[in-house]
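Listed below are the residues making up each chain.
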Amino acid sequence: MRNERLLPRTELGEIMTPAYVIDESALHRNLRILNDVRQRSGCKILLALKAFSMFAVSPWISEYLAGTTASGLYEARLGREEFCRHAESEVHVFSPAYLDSEFGDIAELSDHIVFNSFAQLRKFRSRSKGKSLGIRINPECSTQDEPIYDPCAPFSRLGVTLANFDEAEFEGVDGLHFHTLCEQGFEPLAKTVEAVEQKFGKYLHKCKWVNFGGGHHITKPGYDIEGLVSLIKRFSEKYGVQVYLEPGEAVVLNAGWLVTRVLEIVHNGMDIAILDTSAACHMPDVLEMPYRPPLYNSGQPGEKKYTYRLSSRTCLAGDIIGDYSFDEPLREGDVLCFEDMALYTMVKNNTFNGMPLPEIGILRSSYELVKRFGYEDFKGRLS
């Protein structure tokens, strides 16, 4: 028996769980916000495929965004094949280091190629003819507390610092790229841009474009959109450059759920619900960051009458999603919806323990199945 009070829409109770579900209306809401920023600021906005690569919704995304940004060959190919639906669509690529065996294909697929060092630029420059080339810089301006997501942390491998900038080698390069944010508002971006101008201002005047990277929480309620638009316009006019943004989360923020069912309730010092989903397999960032994902119609531990630890059916003892409270007791068969599950889920999931991959669907006026996975998907990753 399902418990419909735990669902954002009762239609979700009919699907086979676990499942990633994209809400069409929520995705379009985000895209309209990004399009407004694009129109008023003159910037170009790209989808960061490392965060979200669901190409079934690429027709919608392509209508609003200028293209995609990739971290390597496969993402570049996916961007070119599935997201470039207009002649002016662009594919951008950045990698800390390119494989010699892949670079020819990357150059063929890409419009912009960004290098992490001048050594990489020297190695591949002659094979990049006809492409717009850039250098990633490190402004050494940390604006966050999580070292794992801070490209400006001490000893970072990402980007060229001012001390290592090769002015002679930069001649003929079209642009600069910096990416220092992670799920952050406008103020950290403004601080970062100020550091970039102070350290690299003399080179900005030589650029055709500057890429502000990703991590922009533009579609989060309360984001200072007016400040962003003003900053981009000022920067573009001052240096005569095309500004790019490449958000991932902002494109699909709060536009997807991971729907799961309660399989069993056990007790060991507290009530523990075993679900048919897994933090380790289906939402790895829960353990990697770590963080406690939002869950529809639930509360903090002790906030509501009944508190449960939500866990998985894998054999990993630490495969724990978190502690949540509910107005009524959970029962076997209840359906739960984890929120904001579009990003860094489908792109990072795995089949550890032989766990099936969640199906993928879209919620329009009703639920539409996009893809269901099975044993062959598990076996195909092995040999």
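Before reading on, note that the structure itself is shown above.
Just so we're clear, the structure is a prediction, and the values are computed from it rather than from any experiment. (Residues numbered from 1 in each chain as written. Predicted model: local features only at pLDDT ≥ 70, side-chain atom pairs only at ≥ 80, totals over all residues. Heavy atoms only, no water.)

**Student:** Sorry, what's going on with the pairing of strand S2 (residues 44–48) here?
**Tutor:** Consecutive residues of a regular strand have side chains that alternate between opposite faces of the sheet. For S2, the buried fraction is high: 4 of the 5 residues fall into the buried class. As paired elements, S2 and strand S9 (residues 242–245) share 2 bridges and run parallel to each other. Directly across from Ile45, in S9, lies its bridge partner Leu245. Sheet analysis places S2 next to strand S3 (residues 67–70), joined by 3 bridges and oriented parallel. Following the sheet pairing, Leu47 is matched in S3 by Thr68. (Buried < 20%, exposed > 50% of the residue type's maximum accessible area, 1.4 Å probe, protein only. Helix = DSSP H or I, 4+ residues; strand = E, 2+ residues; numbered from the N terminus. Pairing = 2+ DSSP bridges.)

**Student:** It is not clear to me how the layout of surface pockets should be interpreted in this structure. Could you clarify?
**Tutor:** Roughly 930 Å³ of volume is contained in the largest pocket. Contributing to the lining of the largest pocket are 37 residues, with Lys50, Tyr149, Leu158, His179 and Tyr344 lying nearest its centre. Elements that contribute at least two residues to the lining of the largest pocket include exactly S3, helix H9 (249–252) and helix H11 (285–288). In the lining of the largest pocket, the residues fall into 17 nonpolar, 9 polar and 11 charged. Within this model, the second largest pocket holds a volume of roughly 640 Å³. Lining the second largest pocket are 22 residues, with Ser53, Met54, Phe55, Leu78 and Met346 positioned closest to its centre. (1 Å grid on protein atoms, 1.4 Å probe; cavity = no way out; pocket = protein on both sides within 12 Å on 5 of 7 lines; lining within 4 Å. Points joined across faces, edges and corners; volume = space filled by probe spheres on them. Nonpolar A, V, L, I, M, F, W, Y, C, P; charged D, E, K, R; others polar.)

**Student:** Sorry, what's going on with unusual backbone geometry here?
**Tutor:** What is expected of a backbone is that most residues other than glycine have negative phi and most peptide bonds are trans. Each neighbour pair has its own omega, and for Thr17 with Pro18 the value is -5 degrees, a cis peptide bond. Met289 connects to Pro290 through a cis peptide bond whose omega is -15 degrees. Relative to the helices and strands, Pro290 is located in the loop between H11 and strand S12 (306–311). Positioned with a positive phi, Glu183 is a non-glycine residue whose angle comes to about 55 degrees. The residue Glu183 is located in the loop between strand S7 (175–177) and helix H7 (186–204) in this model.

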